[in-house]
Amino acid sequence: MRAVTAIFAGLWLALGGVGTVSADPLGRSLRPIERPQISSSVVVQNAARLVSPDLGQAILRDVAARVQVARVSDGLGRSLRPMARPDSRPSTLANKASRQPKRGSVCGDRSLRGEEVGRVPGKLRGCGVKNAIRLREVAGVTLSQPSVMECGTAKALKKWVENGLKPAVGRTGGGVSSLTIYGHYVCRTRNHRKGAKISEHGKGKAIDIGAIKLQNGQSLSVLKDWNKRREGRILKKAHRAACGPFGTVLGPDADKYHKDHFHFDTARHRSGSYCR
């Protein structure tokens, strides 16, 4: 029996003393040394030669079970090399970055450039804007003057610039450069008439555009070019395209008050957009 015990003690040491702590944890190097792998078939064959089959097999099964449990619980597993943490997918990071508001943008839209103003009080009852912004650029098209309005109007203007104005102008003069603004927020009545209702301008829901400036320096003037063949065709197409994004669209054919500009506002009517 002492011989058997000595044999399996030697076997235990050959397996690296699984489940025990080395007396010299540092050894000769700070770098951990991977434990040698011993084939179980070799161990069984060698042990079987020295002990009786029944006793040898019973002890070997116990040793094998202990080794398996120790390996499963061992954090090193098959390799001493730590597993790298998975990186986030580049496309996910890019999509996340594209959703972040760009510095200088307003209304949570990267293509609307300007600054937040906040509450704008009005001198007349019914005037004022709760959360106003001062818009300077829309979808790459600059405004001739910073224009105060609410976000709904700014987003409607963006929709018109992208889907109406730019397609209407096309490549003429190199494309759209800027918009000449005649009016934005101002606390007043409609058409400045005494006793009339408060204008949508007084609510931050309207903007007046007098001309479209092109990349080559040319301007398409509502007053001068409305009835011209080529320029007038572009202006009329752009005017029609505003019906939808805006609730009210007025131009030179509407009345004497709009001979020199387009009036766009986001007031909604029961019958839909009012376009003249």
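The residue numbers shown here count from 1 along each chain, following its written sequence. Local features in this predicted model are restricted to residues whose pLDDT is 70 or higher, and side-chain atom pairs enter the listing and the counts only when it is 80 or higher, whereas totals over whole chains, interfaces and linings include all residues. For side-chain calculations, the full set of non-hydrogen atoms in the structure is used, while hydrogens and water are omitted.

Draft legend 1. Representation of the overall build of the chain. Broken down by element type, the chain carries 7 helices and 10 strands. Counting only residues that meet the buried cut, the chain has 36% of its 276 residues in that class. Residue contacts follow a heavy-atom distance rule, with two residues in contact if any of their heavy atoms lie within 4.5 Å. In the chain, once contacts between residues fewer than 6 apart in sequence are set aside, the share between residues at least 24 apart is 55%. Every accessible area reported is derived by Shrake-Rupley at a probe size of 1.4 Å, with residue values counting cover from the shown protein chains alone. Summed over all atoms, the accessible surface of the chain reaches about 18,100 Å², with 51% contributed by carbon and sulfur. Helix numbers and strand numbers start at the N terminus; a helix is a DSSP run of H or I with at least 4 residues, a strand a run of E with at least 2. Exposed residues in this analysis have more than 50% of their type's maximum accessible area, buried residues have under 20%, and partly exposed residues fall in between, with area computed by a 1.4 Å probe over protein chains only.

Draft legend 2. Expanded view of the confidence of the model for the chain. Per-chain confidence: the chain averages 78 in pLDDT, with 63% of residues scoring 70 or above. pLDDT runs from 0 to 100 and stands for how confident the predictor is about each residue. Ignoring residues within four places in sequence, the model shows residues 75-79, a span with pLDDT below 50, making 1 contact including any to other chains. Predicted confidence is poor over residues 90-98, with pLDDT under 50, and the contacts of this stretch with residues over four places away or in other chains come to 3 contacts.

Draft legend 3. Local environment of the pairing of strand E9 (residues 262-265). The two faces of E9 match: Phe262 and Phe264 on one face and His263 and Asp265 on the other face are all buried. By the bridge criterion, 4 bridges tie strand E6 (residues 206-214) to E9 in an arrangement that is antiparallel. Within the sheet, the bridge partner assigned to Ile207 lies in E9 and is Phe264. The criterion for strand pairing is that DSSP finds at least two bridges linking the strands in question. Two strands pair when backbone bridges link them, and strand E8 (residues 248-250) and E9 are joined in this way by 3 bridges, in the antiparallel orientation. Of the residues in E9, the one forming a bridge with Thr248 is Asp265.

Draft legend 4. Just the pattern of salt bridges, in detail. Here a salt bridge means any side-chain nitrogen of Lys or Arg lying within 4 Å of a carboxyl oxygen belonging to Asp or Glu. Applying the stated rule across the entire model yields 5 salt bridges. We note a salt bridge from Lys158 to Asp109, for which the minimum N-O separation is 2.8 Å. Placement of the pair is Lys158 in helix H5 (residues 151-169) and Asp109 in strand E2 (residues 109-121), with a sequence separation of 49 residues. Overall, the relative accessible area of 19% leaves Lys158 in the buried class. By relative accessible area, Asp109 is classed as buried at 14%. Residues joined by salt bridges that share partners form a network here, namely Glu115, Arg134 and Arg136.

Draft legend 5. View of the state of the cysteines. Any two cysteine sulfur atoms lying within 2.5 Å of each other are counted as a disulfide. On inspection of all chains with the given rule, the structure shows 3 disulfides. The side chain of Cys107 participates in a disulfide bridge whose partner is Cys151; the two sulfur atoms lie 2.1 Å from each other. Every disulfide takes its handedness from the sign of the S-S torsion; for Cys107 and Cys151 that torsion is -90°, giving left-handed. A residue pair is termed long-range when its members are at least 10 positions apart, and Cys107 in the loop between strand E1 (105-106) and E2 and Cys151 in helix H5 qualify at 44 residues. A residue is classified by how much of its surface remains accessible, and Cys107, at 15% relative accessible area, is buried.

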